[in-house]
Amino acid sequence: MSLGEFLRARRARLKPQDVGLGPGVRHRRVAGLRREELAPLAGLSVGYYTRLEQGQSPNVSDEVLDSLARALRLDGDERAHLHRLARAVRSRPPVGPELLRHGIRRMVESFAEVPAWAVA
C-alpha cells in the first residue's frame, strides 16, 4: 500500500460529522471526507495535501505526518504505519546517470543540441 492509498482509505472512513463539520450536501461523490475538508483540519493547503496523496511530495516532515494523523484520528499503530510509508517514499534511491548502462549513457550524452531524458 502506498502513502496515497493509505491516506485515501483513512480519509474515506471519516464522515464530516465525525470531525465537527455539518453534513453539507446530501449526495457526496466520495466516501468520507473530501480533500478540501481534511486539509484545513490538518493545517495544510489543499494543494499540498493533494500532492501528498499523489506521491508528489516525497519530503513530508514528521510534523505534517503527525498533524495528518490527528486530523484522520489514527491510532498508534496507524500513526506508526503512516510514518513508515512516508519514510519509504523518502528513501527511494535517486536515479542518475551513474545508474544507466554505459551504452545508454553515451547515447544520451551524444544529444548535444536537444534535451534528453533516460529512465532506468
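Residues numbered from 1 in each chain as written. Predicted model: local features only at pLDDT ≥ 70, side-chain atom pairs only at ≥ 80, totals over all residues. Heavy atoms only, no water.

## Notes on unusual backbone geometry
If a residue is not glycine, its phi is most likely negative; likewise, a peptide bond is most likely trans. The criterion, for reference: Segments assigned H or I by DSSP are reported as helices when at least four residues long, segments assigned E as strands when at least two residues long, and all are numbered from the N terminus.
One non-glycine residue, Arg73, lies in positive phi territory at about 60°. Topologically, Arg73 is positioned in the loop between helix H4 (62-71) and helix H5 (76-90).

## A look at the side chain of Glu78
Short version of the rule: Here's how the labels work: a residue is buried when its accessible area is under 20% of the maximum for its type, exposed when over 50%, partly exposed in between, all with a 1.4 Å probe on protein chains only. Pairing of N or O atoms within 3.5 Å defines a polar contact, subject to two protein rules: one partner must be a possible hydrogen donor and the other a possible acceptor, and residues neighboring in sequence count only if both atoms are side-chain atoms. Residue contacts are defined here by distance: any two heavy atoms, one from each residue, within 4.5 Å place the two residues in contact.
For Glu78, the position within the fold is in helix H5. With a relative accessible area of 14%, Glu78 lands in the buried category. A polar contact is formed between the side chain of Glu78 and the side chain of Arg10, at a distance of 3.2 Å. A polar contact of 2.7 Å, which involves the side chain of Glu78, links it to the side chain of Arg13. Residues within four places of Glu78 in sequence aside, it is in contact with Phe6, Arg10, Arg13 and Arg73.

## Quick look at the pattern of salt bridges
As a reminder, the rule being used: We define a salt bridge as a contact between a side-chain nitrogen of Lys or Arg and a carboxyl oxygen of Asp or Glu at a distance within 4 Å.
Scanning the entire structure with this criterion turns up 7 salt bridges. Of the charged contacts, one joins Arg35 and Glu53 as a salt bridge, the two residues approaching to 2.9 Å between their closest N and O atoms. In this pair, Arg35 sits in helix H2 (residues 35-41) while Glu53 sits in helix H3 (residues 46-53), placing the two residues 18 residues apart along the sequence. Look at Arg35 and you get partly exposed, because its relative accessible area is 24%.

## As for the nonpolar core
We count it as follows: What is meant by a nonpolar core is a set of buried Ala, Val, Leu, Ile, Met, Phe, Trp, Tyr and Cys residues, joined one to another through side-chain atoms within 4.5 Å.
Counting residues in hydrophobic clusters, the biggest one holds 24 residues, and the most contacted among them are Leu7, Leu44, Leu52, Leu68 and Leu82. Elements that contribute at least two residues to this core include exactly helix H1 (3-13), H2, H3, H4 and H5. Examining the composition of this core, we find that 5 residues originate from one element, H4, more than from any other. When sequence neighbours within four positions are dropped, the list of residues in contact with Leu82 reads Leu3, Phe6, Leu7, Leu65, Leu68, Ala69 and Leu74.

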